[in-house]
Amino acid sequence: MKRIVIFASGSGSNAENIIGFFQTKRTAKVTHVLTNNERAKVLDRCKRLGVNSLIFSREEFFKSDKVLNFLKEEADLIILAGFLWKIPEQMVADFPNKIINIHPALLPKYGGKGMYGKHVHKAIKENKEEETGITIHYVNEHYDEGGIIFQAKTSIKIDDSVEDIAKKVHKLEYEHFPSVIEDVILSLDE
Ligand code: GAR
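In this convention, every chain numbers its residues from 1, walking through the sequence in written order. Per-residue local features of the predicted model are confined to residues with pLDDT of at least 70, and side-chain atom pairs are confined, for both listing and counting, to 80 or more; whole-chain, interface and lining totals are unaffected and use all residues. To get the side-chain values, take all heavy atoms of the structure and skip hydrogens and water.

Trainee: Describe in detail the overall build of the protein chain, supporting the description with residues and values.
Mentor: Along the protein chain, the regular secondary structure elements total 7 helices and 7 strands. For the purposes of this entry, the term helix denotes a DSSP run of H or I that reaches at least four residues, the term strand denotes a run of E that reaches at least two, and both are numbered from the N terminus. In the protein chain, the succession of α and β elements from N to C terminus is β-α-β-α-β-α-α-β-α-β-α-β-β-α. Taken over C-alpha atoms, the radius of gyration is set against a globule rule of 2.2 Å times the number of residues to the power 0.38. A compact globule built from 190 residues should have a C-alpha radius of gyration of about 16 Å, and the protein chain, at 16 Å, falls within 12% of that. Judged by the C-alpha coordinates and their principal axes, the protein chain covers about 50 × 35 × 35 Å.

Trainee: Residue-level account of the packing of aromatic side chains, with values.
Mentor: Only Phe, Tyr and Trp rings take part, Trp by its six-membered ring, and two of them pair if their centres are within 6.5 Å. Stacked means planes under 30 degrees apart, edge-to-face means over 60, and tilted covers everything else. Within the structure shown, the criterion is met by 12 aromatic pairs. Summarising the aromatic geometry, the rings of Phe-61 and Trp-85 are spaced 5.7 Å apart at their centres and angled 45° between planes, so their arrangement reads as tilted. Of this pair, Phe-61 sits in helix H3 (residues 58-63) while Trp-85 sits in the loop between strand S4 (77-80) and helix H5 (89-94), and the two are 24 residues apart along the sequence. Accessible area is worked out with a 1.4 Å probe on protein chains only. A residue is then buried under 20% of its type maximum, exposed over 50%, and partly exposed in between. You can call Phe-61 buried: its relative accessible area is 2%. For Trp-85, a relative accessible area of 16% corresponds to the buried category. Among the aromatic side chains, those forming a connected cluster through ring pairs are Phe-7, Phe-56, Phe-61, Phe-62, Phe-83 and Trp-85.

Trainee: Would you mind going over the side chain of His-121 in detail, with residue names and values included?
Mentor: Examined against the element boundaries, His-121 turns out to sit in helix H6 (residues 117-126). What makes His-121 buried here is its relative accessible area of 5%.

Trainee: Explain the packing of H6 against helix H7 (residues 162-188) to me, and be specific about the residues and the numbers.
Mentor: Axes, fitted as lines to C-alpha atoms, cover a helix only where it is in contact. Angles between the N-to-C directions of the axes lie from 0 to 180 degrees. Across the interface, H6 lies against H7 with an axial gap of 9 Å and an inter-helix angle of 120°. Both H6 and H7 take part in a crossing whose hand is right-handed. Between H6, through Lys-118, His-121, Lys-122, Ile-124 and Lys-125, and H7, the contact on the second element is made entirely by Val-162, Glu-163, Ile-165, Ala-166 and Val-169. All amino acids are sorted into three groups, where Ala, Val, Leu, Ile, Met, Phe, Trp, Tyr, Cys and Pro are nonpolar, Asp, Glu, Lys and Arg are charged, and the leftover types, Gly among them, are polar. Broken down by class, the residue content of the contact of H6 with H7 amounts to 5 nonpolar, 1 polar and 4 charged. Two helices cross in a left-handed way if the nearer one is turned anticlockwise from the farther one by less than a right angle. They cross in a right-handed way if the turn is clockwise. Contacts are assigned to residue pairs that have any heavy atoms within 4.5 Å of one another.

Trainee: So what's going on with the sheet that holds strand S6 (residues 131-138)? Residues and values would help.
Mentor: With mixed pairing, the 7 strands of this open sheet are ordered in space as S3-S2-S1-S4-S5-S6-S7. Here the strands that pair on one side only, and so sit at the sheet edges, are strand S3 (52-55) and strand S7 (148-155). Shown here is a sheet whose adjacent strand axes are inclined to one another by a mean of 20°, direction ignored. Here helix H1 (residues 13-23) sits on the sheet and contacts strand S1 (2-7), strand S2 (28-35) and S4; the angle it forms with S2, its principal contact strand, is near 160°. Two strands form a pair only when DSSP identifies at least two bridges running between them.

As structure tokens, this is what we get:
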């Protein structure tokens, strides 16, 4: 049984969905959720679901080995589900192809620094895009540029609001993220 550690900075609806999915599986289990934000809603979800959570500071994440050492002990796979800090180079180097991010757009479009959550959907709306989607990808040392594992698309109507677009994207995330993670886990043993 592989151990998944999730990083999340905000609401954590994807984290909850992934936790639920693996509660019924023998392949893996979410053992911890880590966050940089002591007010993140994901912490309430963890309490309710009985999943361990840990809060770390900017200092601990970027200037010490505390989080890295924790991961080396505890994680087989690291999932970024709405986590907004850049992953330090050493962490990427120590977990090659073992850190996976979800991005709420069709990379390489609408990626990079500052492009997260609502900001992405707002830009999509402003540019009158006719489609958007999700990208699940490995994390490397450059923001949103690691190898793409999976993409799915959804169409946008001209009168869709930013919230409507966000809803469509979240729907795709809930539908696909857990099973894509499971596929990666199954491939780890091959
Ligand atoms: C998700 O839509 C995820 O794709 C996005 O943040 C949202 C988190 O929602 N991630 C990024 O924008 C990363 N650049 P959640 O907290 O409800 O899971």
